[in-house]
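Working through the structure, step by step
Take a look at the letters that make up each chain.
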Amino acid sequence: LSSDYRKFLKTFGGTEMPEFDQIKNSNLIEIFDTYELFFTSGSYFCGVHEAADRKTAETAAAVLYSGISEALK
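This text gives an overview of the structure that appears in the document. All of these numbers come straight from a predicted model, not from anything done at the bench.

Rules used throughout
- Residues numbered from 1 in each chain as written.
- Predicted model: local features only at pLDDT ≥ 70, side-chain atom pairs only at ≥ 80, totals over all residues.
- Heavy atoms only, no water.
- Helix = DSSP H or I, 4+ residues; strand = E, 2+ residues; numbered from the N terminus.
- Buried < 20%, exposed > 50% of the residue type's maximum accessible area, 1.4 Å probe, protein only.
- Areas by Shrake-Rupley, 256 points an atom, 1.4 Å probe, with all protein chains shown as cover.
- Lys, Arg positive; Asp, Glu negative; His and termini not counted.
- Charge placed at Lys NZ, Arg CZ, Asp CG, Glu CD.
- Polar contact = N/O pair within 3.5 Å; in protein donor to acceptor, adjacent residues only side chain to side chain.
- Contact = heavy atoms within 4.5 Å.
- Phe/Tyr/Trp six-rings, centres within 6.5 Å; stacked < 30°, edge-to-face > 60°.
- Pairing = 2+ DSSP bridges.
- Axes fitted to C-alpha atoms, helices over the stretch in contact; angles between N-to-C directions.

Secondary structure summary: the chain contains two helices and four strands in total. For the chain, the sequential pattern of α-helices and β-strands runs α-β-β-β-β-α. Expressed as lengths along the three principal axes of its C-alpha atoms, the size of the chain is roughly 35 × 25 × 15 Å. Within the chain, the proportion of its 73 residues that are buried is 33%. Just so you have it, the chain exposes about 4,700 Å², and 53% of that area is on carbon and sulfur atoms. When the 7 positive and 11 negative side-chain charges of the chain are each reduced to one mean point, those points stand 8 Å apart.

Here is the structure:
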């Protein structure tokens, strides 16, 4: 699902950015002047949709990832 979503965003003009190093196998795409940062955790597909800037996307994704990781323990 993550791979297909990445391809979908790129089809509509998304630009792949370097991976967010705090979340393994994350995807960061800049599209329409916003940022999509998404990843998988266990069987969950998670992420941040339409963040205004890269820093906001990374901060929100780190909080989300931490919470999900804790809940899956």
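Relative to the elements of secondary structure, S26 occurs in the loop between β1 (15-17) and β2 (27-31). Of note is the side chain of S26, whose polar atom sits 3.2 Å from the backbone oxygen of F20. A distance of 3.1 Å separates a polar atom in the side chain of S26 from the backbone oxygen of I23. Beyond its immediate sequence surroundings of up to four residues, S26 is in contact with E19, F20, L37, F38 and F39.

The next thing to look at is the packing of aromatic side chains. Summed over all chains, the structure comprises six aromatic pairs. Plain terms: the ring middles of Y5 and F8 are 6.3 Å apart, the flat faces sit at 15° to each other, and that makes the pair stacked. Taken together, the residues span about one helical turn, with Y5 and F8 both in helix α1 (residues 2-11) at a distance of three residues. Under the relative-accessibility criterion, Y5 is labelled partly exposed at 22%. With 4.9 Å between their ring centres and 70° between their planes, Y5 and F38 make a pair best called edge-to-face. Here the residue Y5 occupies a position in helix α1, and F38 occupies one in strand β3 (residues 34-41), the gap between them amounting to 33 residues.

What follows deals with the sheet that holds β1. Strand order in the open sheet formed by four strands is β1-β2-β3-β4, and the pairing between neighbours is antiparallel. Looking at which strands have only one partner, the edges of the open sheet turn out to be β1 and β4 (44-51). Taking each pair of neighbouring strands and ignoring which way they run, the sheet shows an average axis angle of 25°. By the bridge criterion, six bridges tie β3 to β4 in an arrangement that is antiparallel. In the sheet register, Y35 faces β4, and the bridge partner there is A51.

Such coordinate-based values are descriptive only and should not be taken to indicate function.
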